[in-house]
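Close look at the chain arrangement
Listed below, chain by chain, are the residues.
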Amino acid sequence: MDRELRTVEEIDEAIRSLRVRGAPLIGITAATGVAALARGVTDHSDSPPDLTTRVTGWCDRLEVTRPTAVNLRWALGRMRAVAAGGTHRPASELADALRAEAQAIWDEDREMCRRIGEHGLELLPNGATVLTHCNAGALATGGIGTALAPIYLAHEEGRRVRVFADETRPLLQGSRLTAWELGAAGIDVTVISDNTAAALFAHDPPDVVLVGADRIAANGDVANKVGTYGLAVLAKHHGVPIYVLAPTSTIDPSTPTGADIPIEERDPDEVRRGFGRLTAPADASVWSPAFDVTPGELLAGIITEHGVARAPFEGSLAAALAAAVPEQ
Ligand code: MRU
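Remember, it's a predicted structure, so these values are computed and weren't measured experimentally.

With that settled, the discussion passes to the domain arrangement of the protein chain. Here the domain parsing of the protein chain yields domain 1 (8-112) and domain 2 (115-327). Contact residues are listed per partner, giving 22 residues for domain 1 and 29 residues for domain 2. Area buried by domain 1 at its contact with domain 2 is led by Arg21, Thr68 and Met112, which between them contribute 35% of it. Linking domain 1 with domain 2 are two salt bridges, by the criterion used here. Note that Arg66 and Glu264 form a salt bridge whose closest N and O atoms lie 2.8 Å from each other. Within the residue set of the side of domain 1 that touches domain 2, elements represented by two or more residues are helix 2 (23-42), helix 4 (70-84) and helix 5 (91-120). The element contributing the most residues to the side of domain 1 that touches domain 2 is helix 5, with five residues. Partitioned by chemical class, the residues of the side of domain 1 that touches domain 2 number eleven nonpolar, four polar and seven charged.

With mixed pairing, four strands are arranged side by side in an open sheet as 8-5-6-9. The sheet is open, and its two edges are formed by strand 8 (251-252) and strand 9 (291-294), each paired on a single side. Pairing of strand 6 (residues 222-225) with strand 9, which is carried by four bridges, proceeds in the antiparallel orientation. Looking at the pairing, Ala223 lines up with Val293 of strand 9. Packing of helix 9 (residues 228-238) onto the sheet brings it into contact with strand 6 and strand 9, and relative to strand 9 it is tilted by some 35 degrees.

On to the layout of surface pockets. Roughly 1200 Å³ of internal volume is contained in the largest pocket. Contributing to the lining of the largest pocket are 32 residues, with Met1, Arg19, Val20, Arg21 and Leu25 lying nearest its centre. In the lining of the largest pocket, the residues fall into 17 nonpolar, seven polar and eight charged. Formed jointly, the lining of the largest pocket draws a minimum of three residues from each of two domains, domain 1 (8-112) and domain 2 (115-327). Lining the second largest pocket are 19 residues, and of these Trp74, Arg78, Thr248, Ala324 and Val325 sit closest to its centre. Residue composition of the lining of the second largest pocket, grouped by class: nine nonpolar, three polar and seven charged.

Cut-offs and rules
- Residues numbered from 1 in each chain as written.
- Predicted model: local features only at pLDDT ≥ 70, side-chain atom pairs only at ≥ 80, totals over all residues.
- Heavy atoms only, no water.
- Domains from an automatic or database assignment.
- Contact = heavy atoms within 4.5 Å.
- Buried area = accessible area lost by both parts, 1.4 Å probe.
- Salt bridge = Lys/Arg side-chain N within 4 Å of Asp/Glu carboxyl O.
- Helix = DSSP H or I, 4+ residues; strand = E, 2+ residues; numbered from the N terminus.
- Nonpolar A, V, L, I, M, F, W, Y, C, P; charged D, E, K, R; others polar.
- Pairing = 2+ DSSP bridges.
- Axes fitted to C-alpha atoms, helices over the stretch in contact; angles between N-to-C directions.
- 1 Å grid on protein atoms, 1.4 Å probe; cavity = no way out; pocket = protein on both sides within 12 Å on 5 of 7 lines; lining within 4 Å.
- Points joined across faces, edges and corners; volume = space filled by probe spheres on them.

In C-alpha cells, the structure reads:
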C-alpha cells in the first residue's frame, strides 16, 4: 500500500508502528525522509546553517524510534555527516547532497543484498529445505533481502528450495510478509506457527536455518526478531547449521557483546489484542521484547556482502568491516 510521509512526525510514526520495518529498510526510510524534509525547507530558502541544525534535529528524533536496529543510527550518521560538512554551501546544494547520500544508502543496500545472496547460495543445493523467522526479505531491505536473498537467487537458477516460515508472533511478519513475498515469487513456502518449530526439527528437520539481524555485536552475538534464539538452540540440538545474513551496516563494533544491545520493548496490546481482537485478559501483564540475542557460539556463520564470517567472530567481523570501508 502506498503511503506518503510529509512531516518528521509522520516518518516517526511510520517507523515506530512498523508501517516500514526491517533494519535496512528503516535506515533507508529515515535517510530518504531526512532528504525529502531538507528539500521541503530549502523550497522556503532556509540559510545553510539553519538547514544543518534542522537535519540534526530530525536525525535526533528519528534515531530513537527503533532502538535495536543499528542500521537506523548508521544511515542517519551518514546523513548527519553530509549536513555537518555542508554548512558553507547554499541550502539547495546541501539538500541535493543529502538526497544523493540517501540514494547511495539505498543503492548500496540493494547491491549488498545481492552479494549476500551470492555468498549464501552454496548453502542451498537443489532440493534444500530452509527454516526462516520473521521477514528478512525484499520487504525489509532496499533489494532482495538478506536471509531470503540466497533463496531468490537459487530459485532464479532453477534450484528447488522449500521454505518453512515461522509465523512470528505477535505481529506475524513471517506469515504476512515472508509467505506473501516468497509465494508471489513462485517459491514453495509453508507457514508454521512459532510453537511448531520444535516439532519440525524432530520430524523433518530443515537443512539450514537462515535469519536476518537487527544488530550484530563485535563478538558475534546477534539481536534479531524474538524467537531467533530459540531456533538457534533447536538447531544446535538437532545438528542443523544456522546462519545470520546481514549487511556490514548491521555490525556494530561499538557494542562489545549481546548483553550491551538495547532491546526494544513493544506495546503490550500487540500481544493482548493483536490486530484488534482481545486474546488475553485486557489487563493481563505482558512482557514483549521485540528481539532476543543469539550467542555467536550457536551460529555456523554470519554472511555479509564480504563473505562468510566464522568464529572467532571478533576477527572475522572486523575484517568484514575493514573490507566495507571505501578506499579514499
Ligand atoms: O520488528 P521488525 O519487523 O523490524 O524486525 C525485523 C527483523 O527482526 C529482521 O530479521 C531484521 O530486521 C533483518 S531485515 C533484513
